[in-house]
Amino acid sequence: MKIGYMNCNSEAETLTRFLPLTAYLSHYTGIDFEAVPVDTHEFAERYAQGEFALTHSNSLLYVQLKFDHDLQLLAAEKRGNFGSRSAGTIIARKGSGIEKLTDLKDKRMVFGPMMAPTGYLAQYDLMLRNGIDPERDLAYYAIPSGSFKHEKLVYGLYFGAFDVAAAPLLDLEVMTREGKITADDFVILGQSPLVPYCTFGAAAKLDPAVVEKVRRALLELTPETTVDIAGERIKVLKSAWIDGFEALRDAEYDVVRDMARLVNMPPYQEY
Amino acid sequence: MLVDRYDRLLWGAFILLLIAIATTTAYSLQGSAYVTQHNDRNLERKITERARFDYLADLYAPVTAALEAGDFSHALLALEEVQRSSPDEAYGQVLKGVILSKMGAIDAALESLAAGIKQNGNYIDRNGSLSYRKTVIALVANQLPLYAARVANDAEDTVALTTKRHLHYLQSRLAGGCE
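Quick look at the structure, then. The residue numbering used here restarts from 1 in each chain and proceeds along that chain's sequence as written. To label them, take the chains in the order written and letter them from A, then take the ligands in the order written and number them from 1. Per-residue local features of the predicted model are confined to residues with pLDDT of at least 70, and side-chain atom pairs are confined, for both listing and counting, to 80 or more; whole-chain, interface and lining totals are unaffected and use all residues. Each side-chain value is derived from all of the structure's non-hydrogen atoms; neither hydrogens nor water enter the calculation.

What follows concerns the overall build of chain A. We count a stretch as a helix when DSSP gives it H or I for four or more residues in a row; a strand needs E for two or more, and each element gets its number in order from the N terminus. Scanning chain A for helices and strands turns up 10 helices and 15 strands. The C-alpha atoms of chain A give a radius of gyration of 19 Å, which matches the 18 Å a tight globule of 271 residues would have. The dimensions of chain A, computed from C-alpha atoms along their principal axes, are 60 × 40 × 30 Å. Buried positions account for 57% of the 271 residues belonging to chain A. Within chain A, counting contacts between residues at least 6 apart in sequence, those at least 24 apart form 75% of the total. Shrake-Rupley sampling with a 1.4 Å probe provides the accessible areas, and residues are treated as covered by the protein chains on show and by no other component. Entry remark: accessible area of chain A is about 11,400 Å², with carbon and sulfur atoms responsible for 50%. Charged-residue counts in this description rest on Lys and Arg as positive and Asp and Glu as negative, His and the chain ends being excluded. Charge positions come from single atoms, namely NZ of Lys, CZ of Arg, CG of Asp or CD of Glu. Positive and negative charge centroids in chain A, built from 29 and 38 side chains respectively, lie 2 Å apart. Restricting the calculation to C-alpha atoms gives the radius of gyration, and the globule rule supplies 2.2 Å times the number of residues raised to the power 0.38. Under the scheme applied here, a residue whose accessible area is under 20% of the maximum for its type counts as buried, over 50% as exposed, and between as partly exposed, the area being computed with a 1.4 Å probe on protein chains only. Note on definitions: a residue-residue contact is assigned when non-hydrogen atoms from the two residues lie within 4.5 Å.

Structure below.
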């Protein structure tokens with residue numbers, strides 16, 4: 001049985017992160033799982049084609065697959081200060097004179113990838129709710145190409161290529177913890193509500209006994225859980241950059257649904 | 001000198017008197033040494049505690065300044081910086097809980113507060129100089145009924161169950177309960 005893992009930066013990184021988790025799930029459930037790295041923009045299409053029965057994706061893709069294919073919610077990933085949630089922020093360099101959301105007009109802005117709930121959707125929503133239309137009110141906006149888009153946009157801001165940036169709060173946390181940036185380097189102009197983070201889902205038609213086994217396996221993972229891969233003992237959660245899993249309820253994704261409706265994104269996009 | 005029985009009695013009484021005086025003096029000196037030592041230890045403890053609190057207040061000053069200014073995201077990032085050098089310090093855990101509660105992440109806030117208080121209960125002491133007792137009292141009062149209701153409605157709501165457990169832990173510490 002295949003598990004589709006949404007790529008963050010590259011296929012190689014995705015497999016390195018999630019092979020131990022896949023091995024753990026196989027060991028725990030007695031089912032032979034295979035990890036499939038999937039590009040974000042191909043995720044819905046490849047799921048619809050039946051390429052994988054279990055999904056690990058961001059919360060917006062979960063909402064889309066729930067809407068289109070009645071994907072079942074298994075568990076939400078915990079990472080960073082907010083547990084299974086995170087937020088989007090809009091930031092500017094300190095001392096740039098840009099200090100509040102209304103200062104965004106006619107500025108050069110950089111967003112994260114378009115399908116990123118806290119790198120694009122949440123900030124776009126935040127701007128619309130504050131009377132700023134990114135399509136009309138900004139001088140222009142861009143999305144970095146290639147991998148490490150969230151880090152690229154922070155550096156793009158620092159080195160002056162852009163005036164403001166849409167940064168996930170989690171990435172700011174991690175970069176601050178790693179000493180790449182300091183809290184005093186920038187001003188946070190606005191922050192979105194907290195939205196669920198990455199999520200495991202299961203196909204609607206999947207055997208309920210299998211679904212329950214996988215759910216239990218995820219919820220019982222601890223930082224001490226290890227698997228043996230190629231003669232090496234690896235910590236499953238640490239390898240996957242995850243702090244743990246928890247069982248959210250589908251209603252907790254309504255905040256993402258409301259954002260997707262306002263921003264005109266899938267599954268509510270209207271042309 | 002010891003010519004007769006009367007003289008011997010007198011000398012005997014005199015020697016006994018000397019022994020009594022020596023013993024009493026020795027006890028008295030020992031007692032005052034004990035008191036001095038005890039007072040020194042108390043003083044030392046107070047100095048250490050004050051030095052620790054002053055150090056922590058200084059170390060976390062950028063965090064508390066941003067927190068007091070209502071700049072919660074900035075406070076959280078400033079905390080990340082401090083936690084690079086002291087990742088598991090209880091005060092950091094407590095501050096993180098306070099900031100997260102202000103940002104509406106109640107589950108994560110209570111988890112962090114419970115972890116911090118478990119490490120060091122001084123942070124909810126009535127008289128502690130870095131006490132967040134009032135904040136914890138308000139959180140327990142406001143959140144416990146909500147999480148209790150969630151658990152009552154859905155016994156499978158594991159997030160609510162875990163958070164309710166943290167709330168009960170904090171409630172017991174506020175009441176002076178032991179570990």
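This part takes up the overall build of chain B. Looking only at helices and strands, one finds seven helices and zero strands in chain B. Going from the N terminus to the C terminus, chain B shows its helices and strands as α-α-α-α-α-α-α. Expressed as a percentage of its 179 residues, the buried residues of chain B come to 39%. Restricting the contact set of chain B to residue pairs at least 6 apart, pairs at least 24 apart contribute 56%. Summed over all atoms, the accessible surface of chain B reaches about 10,700 Å², with 57% contributed by carbon and sulfur.

This part is about the packing of aromatic side chains. All names here are of chain B. Two rings from Phe, Tyr or Trp (for Trp, the six-membered ring) form a pair when their centres sit within 6.5 Å of each other. Planes less than 30 degrees apart are called stacked, planes more than 60 degrees apart edge-to-face, and all others tilted. Taken as a whole and assessed by the stated rule, the structure comprises 20 aromatic pairs over all chains. Ring centres of Y91 and Y132 lie 6.2 Å apart, and the angle between their planes is 45°; on these two criteria the pair is classed as tilted. Of the two residues, Y91 is situated in helix α4 (residues 90-102) and Y132 in the loop between α5 (106-119) and α6 (133-153); the sequence distance between them amounts to 41 residues. Of the residues examined, Y91 reaches a relative accessible area of 2% and is grouped as buried. Of the aromatic side chains, those joined through ring pairs into one cluster are F53, Y60, Y91, Y123 and Y132.

Residue and element names in this part refer to chain A. Paired strands are those between which DSSP finds at least two bridges. Spatial strand order, β2-β1-β3-β12-β4-β15: six strands in an open sheet with mixed pairing. The strands lining the two open edges of the sheet, one partner per strand, are β2 (34-38) and β15 (244-246). Sheet twist, expressed as the average angle between the axes of neighbouring strands with direction ignored, equals 25°. Note: strand β1 (residues 2-6) against β2, five bridges, orientation parallel. Among the inter-strand pairings, K2 is bridged to a residue of β2, identified as E34. Axes, fitted as lines to C-alpha atoms, cover a helix only where it is in contact. Angles between the N-to-C directions of the axes lie from 0 to 180 degrees.

All right, on to the layout of surface pockets then. Reported here for the second largest pocket is a volume of approximately 250 Å³. The dominant element in the lining of the second largest pocket, judged by the number of residues it contributes, is helix α8 (residues 208-219) of chain A, at four residues. Grid points spaced at 1 Å and placed over the protein atoms alone form the basis of the search, with a cavity being a set where a 1.4 Å probe fits but cannot get out and a pocket an open set showing protein on both sides within 12 Å along at least five of seven lines. Lining residues have an atom within 4 Å of a point. Grid points are joined across faces, edges and corners, and a volume is the space filled by probe spheres set on the points.

Next up on the list: the side chain of B:Q93. Residue and element names in this part refer to chain B. Within the secondary structure layout, Q93 lies in helix α4. A relative accessible area of 15% places Q93 in the buried class. Look past the residues within four positions of Q93 in its chain and what remains in contact with it is Q83, S112, L113, A115, G116 and Q119.

All names here are of chain A. Burial within helix α4 (residues 117-129) is extensive, with 11 of its 13 residues counted as buried. If you check which residues of α4 are buried, you get P117, T118, G119, Y120, L121, A122, Q123, Y124, D125, L126 and M127. Just past α4, the residue G131 takes up positive phi, approximately 75°.

Moving on: the pairing of β2(A). Of all five residues making up β2(A), four are buried, and the element is well covered by its neighbours. Between the parallel elements β1(A) and β2(A), the chain passes through helix α1 (residues 11-29) of chain A in a crossover that is right-handed. Handedness of a crossover: with both strands directed away from the viewer, a clockwise path from the first strand across the helix to the second marks it as right-handed.

What follows covers the packing of α5(B) against α6(B). In a pair of packed helices, the angle between the axes and the distance between the axes together describe the arrangement. Residue and element names in this part refer to chain B. Running from amino to carboxyl end, α5 crosses α6 at an angle of 130°, the nearest separation of the two axes being 12 Å. Taken as axis vectors, α5 and α6 run oblique relative to one another. Both α5 and α6 take part in a crossing whose hand is left-handed. Mapping the contact onto sequence places I106, D107, L110 and L113 in α5 and V136, L139, Q143 and Y147 in α6. Here the residues of the contact of α5 with α6 sort into six nonpolar, one polar and one charged. Should an angle fall under 35 degrees it is called roughly parallel, over 145 degrees roughly antiparallel, and 65 to 115 degrees roughly perpendicular, with every other angle called oblique. Rotating anticlockwise by less than a right angle from the far helix to the near helix defines a left-handed crossing, while the corresponding clockwise rotation defines a right-handed one. Ten residues, namely Ala, Val, Leu, Ile, Met, Phe, Trp, Tyr, Cys and Pro, are considered nonpolar, four, namely Asp, Glu, Lys and Arg, are considered charged, and the remaining ones, Gly among them, are considered polar.

This next bit is on the interface of chain A and chain B. Contacts between chain A and chain B engage 23 residues on the former and 21 residues on the latter. Accessible area, probed at 1.4 Å, shrinks when two parts are joined; the buried area is that loss added up over both. Surface buried jointly by chain A and chain B totals about 1,800 Å² across both partners, of which 56% is contributed by carbon and sulfur atoms. When residues of chain A are sorted by the area they lose upon contact with chain B, A:N81, A:F82 and A:R249 head the list and together hold 30% of the total. Only one rule defines a salt bridge in this text: a Lys or Arg side-chain nitrogen within 4 Å of an Asp or Glu carboxyl oxygen. Here chain A is connected to chain B by four salt bridges. N or O atoms within 3.5 Å of each other form a polar contact, as long as, within protein, one can give a hydrogen and the other can take it, and as long as residues adjacent in sequence are counted only when both atoms are side-chain atoms. Remark: the boundary between chain A and chain B carries eight residue pairs in polar contact (both at pLDDT 80 or more). Counting only elements with at least two residues in the side of chain A that touches chain B, the list comes to α7 (169-177) and β10 (186-191) of chain A.

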